[in-house]
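Fold and geometry: a report
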Amino acid sequence: MLRFCSLGSGSEGNALLIEASEGLFATRMLVDNGFGPRQLDERLGRLGLTVDDLDAIFVTHEHSDHVGGVSALLKRRSLALLCSAGTRNAAGLIGAEVDWRRVRDGAAITVGAMQVLPLAVPHDAAEPLQLVVTDGDRRLGVLTDIGVPTTAVARAFDGLNAMLIECNHDPELLRNGAYPPFLKARIAGDRGHLSNAQAAQLLDSIDRSRLNRVVAAHLSRQNNRPALARAALASVLGCADEHVIVADQSQGCRWISV
């Protein structure tokens, strides 16, 4: 059994928990951690879990909303750290006590009851990766912090059972918003973040024959609205807007079975 739960998603902090069960045994991998110890404990506590229930952490890239709480977590709990060499160096996740497992684009790695396939993405970071996770039966795609959809990512996302996808901004809200021009250009650029329309375009380009769960994530509070993200993805899925789940900053989203 494979399931996932967002602990919070947005520019103020991101963390995603993925769990693969095999009989009585469960592997729990955190994807990113932009939360300090108190916040992380509170968010895990909502699920009846603590940091002692975690087995590994996959860090996608070095931006603070994804890595800000990782060093503190590794000091509290000895976890397998999965990230690229570029991310490790840029984030300063270096030390003899860190159980670092280098991951590379396209090279699958086994973590307990799950297999993780890292994917290189265009983003303004040292060596950013996103991922597809499987328990051997079901497949989950995780895609946030990517400037433009790529053919390689789209092909890796064919046949997913569930996906969490970035819907960062609405172009009109971004264009007319209060951000300075350089930041607007960065967000909308090829190494920035996906708009609602780009997320929908990617969704439309993949094989969705097995897809039954879609979560919109990493929404900007200033430059997007949940209703806009839902409508964009629902238009491709052919479902009611309310059937698209949005992972928000404060609550993330509930456990979702893949």
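Definitions and limits used
By convention here, each chain's residues receive numbers from 1 onward along its written sequence. Per-residue local features of the predicted model are confined to residues with pLDDT of at least 70, and side-chain atom pairs are confined, for both listing and counting, to 80 or more; whole-chain, interface and lining totals are unaffected and use all residues. Excluding hydrogens and water, the side-chain figures rest on all heavy atoms present in the structure. Working definition: a ring pair exists when centres of Phe, Tyr or Trp rings (six-membered ring for Trp) sit within 6.5 Å. Plane angles under 30 degrees give stacked, over 60 give edge-to-face, the rest tilted. In this analysis the charged atom, NZ for Lys or CZ for Arg, is taken to sit over a ring once it is within 6 Å of the ring centre and within 35 degrees of the ring normal. For salt bridges, the criterion is a side-chain nitrogen of Lys or Arg within 4 Å of an Asp or Glu carboxyl oxygen. The numbering of helices and of strands both runs from the N terminus, where a helix is a DSSP run of H or I of at least 4 residues and a strand a run of E of at least 2. Relative accessibility under 20% of the residue-type maximum defines a buried residue, over 50% an exposed one, and the middle range a partly exposed one, all with a 1.4 Å probe and only protein chains included. We call two residues in contact whenever any of their non-hydrogen atoms come within 4.5 Å of each other. DSSP-based pairing: two strands are paired if at least 2 bridges between them are found. Under this scheme, a helix contributes an axis fitted over its contacting stretch, all axes are lines through C-alpha atoms, and angles between N-to-C directions fall in the 0 to 180 degree range.

**Quick look at the packing of aromatic side chains**
Applying the stated criterion across every chain, the model contains 0 aromatic pairs. Note that Arg3 overlies the ring of Trp255, its terminal NZ or CZ placed 3.9 Å from the centroid. One residue, Arg43, lies across the ring of Phe35, its end atom 4.1 Å from the ring centre.

**Description of the pattern of salt bridges**
Under the definition given, this model contains 9 salt bridges. For Arg221, the salt bridge identified is with Glu12, shortest N-O distance 3.0 Å. One end of the pair, Arg221, is in the loop between β12 (213-217) and α9 (226-237); the other, Glu12, is in the loop between β1 (2-8) and β2 (15-22), and 209 residues separate them in sequence. Each member of the pair Arg221 and Glu12 is classed as exposed. Taking the shortest distance from any N to any O, the salt bridge between Arg28 and Glu19 comes out at 2.7 Å. The exposure classification of Arg28 matches that of Glu19, with both residues buried.

**Notes on unusual backbone geometry**
A positive phi angle, near 60°, is found at Asp145, a position not held by glycine. In this structure, Asp145 sits in the loop between β10 (139-143) and α5 (151-156). Using a relative accessible area of 1% as the deciding quantity, one classes Asp145 as buried. Its identity as a non-glycine residue notwithstanding, His218 has a phi of 60°, on the positive side. Structurally, the position occupied by His218 is in the loop between β12 and α9.

**Comments concerning the side chain of Thr60**
Along the chain, Thr60 falls in the loop between β4 (56-58) and α2 (64-67). Judged by its relative accessible area of 1%, Thr60 falls in the buried class. Excluding residues within four positions of it along the chain, Thr60 makes contact with Val31, Asp32, His66, Thr87, Glu127, Pro128, Leu129, Gln130 and Leu131.

**Regarding the sheet that holds strand β3 (residues 25-31)**
The strand order across the open sheet built from 7 strands is β6-β5-β4-β3-β2-β1-β14, with neighbouring strands paired in mixed fashion. Of all strands in the sheet, those with a lone pairing partner are β6 (99-102) and β14 (256-257), marking the two edges. With 4 bridges connecting them, strand β5 (residues 80-83) and β6 associate as parallel partners. Its bridge partner being in β6, Cys83 is matched across the sheet by Arg102. Packed onto the sheet, helix α1 (residues 37-45) meets β1, β2 and β3 and runs at close to 135° relative to β1.

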